[in-house]
Structure formats: C-alpha cells, structure tokens
Amino acid sequence: MDELLNPFESDNAFNMASLCAAIDILPNNYGRINQLGIFTDTGITTRTAIIDERNGILNILKTLPVGAPGQQNKVGKRSARSFIVPHIPLDDVIRPEEYAGIRAFGQQVGLETLAAVMNNHLQTAKDKYSLTLEYLRMGALKGIILDADASTLYNLYTEYGIEAKSVNFALSTAATDVSAKCREVLRHIEDNLKGEVKSGVRALVDADFFDALIAHANVEKFWLNHSAALNLAGS
C-alpha cells in the first residue's frame, strides 16, 4: 500500500501515514414531492406565465311539456392570471488552489484534476436547485410559496380567491375524536374537487404531528381493533 507524507502526526516530516478510508459527508437531498410525481414540468421561454381559467356551470335541468321551449344553456366565465417567473441565479468560481498540487480525494496517489473539481461544483449546484424546487413545490401544496428568506412570493389563496381551511386536530386532548377530524378533512376535499375524481387522499405532515397522531389514545384503540378484526376475518 502506498503511503502519504503526514508531518502533523510525527516529529519529523519523513514519517509516513496510510490513507485507509475517505468519508464524503453529503447533505440530505429532500425529494419526496418530486418522487410522488404531483407536479409536471413544462418549459417556457418567457419571464411571465399566464394561466387560463374557465368556470364551468352545472345545474339540474327540470322537465318541461313536450313542445315547450328549452331552457337556456349558460356557460362559465373565463379569466386569466399572470405570474412572474422567479429568477434564481447561482454564481460559482473554481480557483487554482482547489486542484493545483492537491491530492485527489480518497486516493493514495494522484493529483486532483480540474474536471473532477468542476463535476463536484456542478453536482453541488444541481443539488441546490433540486432542493429549491422541492421547497417551492411544498409551498405550492401549502398554498403560500415562500422565498428562501421566508418572504412570500405568491399567496395562492389570495390569487384565486380561496378561503384557507384549517382543522385543529387537538391531539393533546385525550377525548378528541380523531376519526371525526379526518372525516372533516376528507369531506372538505371532496366538496372542492371541482370536477376532478380522487382515488385516495395523502397527507404530508411533520414528525411532531405524526408522533402525536399515532400516540393518541383513540388512534391506538383503532389500530388494536383493526388488527383484531383482521385476525377474526382470517380465522
């Protein structure tokens, strides 16, 4: 095995030290929303995006005598909203001291190359843009898109004239009917599908909410009964 010169571990510069392993500490790449495929990418060549909206009208038609004039059909109004596309630049620079005379990362011998340093910079930039996109998409799901400094880029509730719905699960109260709270959320979603058809409901929650939910007495009782019912059905 080749050895490295390590003057920091000995009294003279002629002793050698072996490189046994390299540890590359990588930050978390959050990508759950991207993994779910909720959003689709569509590229544009302008700095402004326009979204058309047309409100449909559905109503029950009444019966009329044969030969009577039909009811007048009404169609919804159309509107358009424009959104300025945020500009998110990222500057970078590679300095000679990052590769000139520098040992290649994780290697016993060999020098760092400009190509390797460049790839590392590009991968780091790509990861930052991916994390930023995930952050913006999470804001879109919440209805309020925030910038990196927590300032508001777009409030979708205000843009579309929608009143935000809030359900207090009160998980710190032992008597809370958690099932009723879940049904309240589901029914609100069903009432506001606007012509869409749902195949299920998925909730993205933080760790504190999830821990409080599964630890609630009524939720624990539900799961215990659920397991017993499955055992009974299989017997």
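Heads up: these notes are all about the structure in this document. (Residues numbered from 1 in each chain as written. Predicted model: local features only at pLDDT ≥ 70, side-chain atom pairs only at ≥ 80, totals over all residues. Heavy atoms only, no water.)

This part takes up the overall build of the protein chain. Of regular secondary structure, the protein chain possesses 6 helices and 6 strands. Counting all 235 residues of the protein chain, 10% fall into the buried class. Partitioning the intrachain contacts of the protein chain with sequence separation of at least 6 by distance along the chain shows that 52% fall at a separation of at least 24. (Helix = DSSP H or I, 4+ residues; strand = E, 2+ residues; numbered from the N terminus. Buried < 20%, exposed > 50% of the residue type's maximum accessible area, 1.4 Å probe, protein only. Contact = heavy atoms within 4.5 Å.)

In this structure, Phe 169, Leu 171, Val 178, Leu 213 and Val 219 together form the largest nonpolar core, which totals 5 residues. Setting aside anything within four residues of it in sequence, one finds Val 219 in contact with Val 178, Leu 213 and Ile 214. (Core = buried A, V, L, I, M, F, W, Y, C linked by side-chain atoms within 4.5 Å.)

When you line up the elements, Ala 104 lands in the loop between β4 (78–84) and α2 (114–142). Note: C-alpha distance between Ala 104 and Val 117 (13 residues apart in sequence) is 9.5 Å. If sequence neighbours within four positions are ignored, Ala 104 has contacts with Gly 110, Leu 111 and Glu 112.

All chains considered together, the criterion is met by 5 salt bridges. Asp 41 serves as the salt-bridge partner of Arg 137, at 2.6 Å between the closest nitrogen and oxygen. Placement of Arg 137 in helix α2 and of Asp 41 in the loop between α1 (32–36) and β3 (48–54) is noted, with a sequence separation of 96 residues between them. The exposure class assigned to Arg 137 is buried, which follows from its relative accessible area of 8%. The class of Asp 41 is exposed, set by a relative accessible area of 65%. In this structure, the salt-bridge partner of Arg 81 is Glu 53, at a minimum N-O distance of 2.3 Å. (Salt bridge = Lys/Arg side-chain N within 4 Å of Asp/Glu carboxyl O.)

A few words now on the side chain of His 121. For His 121, the position within the fold is in helix α2. The exposure class assigned to His 121 is buried, which follows from its relative accessible area of 16%. Setting aside its immediate chain neighbours within four residues, His 121 contacts Asp 92, Val 93, Ile 94 and Glu 98.

The next point concerns the environment of Thr 113. Looking at where Thr 113 falls in the secondary structure, it is placed in the loop between β4 and α2. Considered as a pair, Thr 113 and Glu 98 are 15 residues apart in the sequence and their alpha carbons are 9.0 Å apart. At 3.2 Å, the side chain of Thr 113 and the backbone nitrogen of Ala 116 are in polar contact. (Polar contact = N/O pair within 3.5 Å; in protein donor to acceptor, adjacent residues only side chain to side chain.)

Let us now look at the packing of aromatic side chains. Within a pair of aromatic rings, the relevant descriptors are the distance that separates the centres and the angle that separates the planes. Following the criterion strictly, the structure yields 3 aromatic pairs and no others. Measuring from centroid to centroid gives 5.4 Å for Phe 169 and Phe 209, while their planes differ by 80°, and the two rings are edge-to-face. Here Phe 169, found in the loop between α3 (156–160) and α4 (178–191), pairs with Phe 209, found in helix α5 (residues 207–215); they are 40 residues apart in sequence, far enough to count as distant. On the basis of relative accessible area, Phe 209 is assigned to the partly exposed category, the value being 26%. Members of the aromatic cluster, connected to one another through ring pairs, are Phe 83, Tyr 154 and Tyr 160. (Phe/Tyr/Trp six-rings, centres within 6.5 Å; stacked < 30°, edge-to-face > 60°.)

This part takes up the environment of Ala 80. Relative to the assigned elements, Ala 80 resides in strand β4. Overall, the relative accessible area of 52% leaves Ala 80 in the exposed class. Separated by 30 residues in the primary sequence, Ala 80 and Ile 50 have C-alpha atoms spaced 6.5 Å apart. Apart from residues lying up to four places away in sequence, Ala 80 is in contact with Ile 50, Ile 51 and Asp 52.

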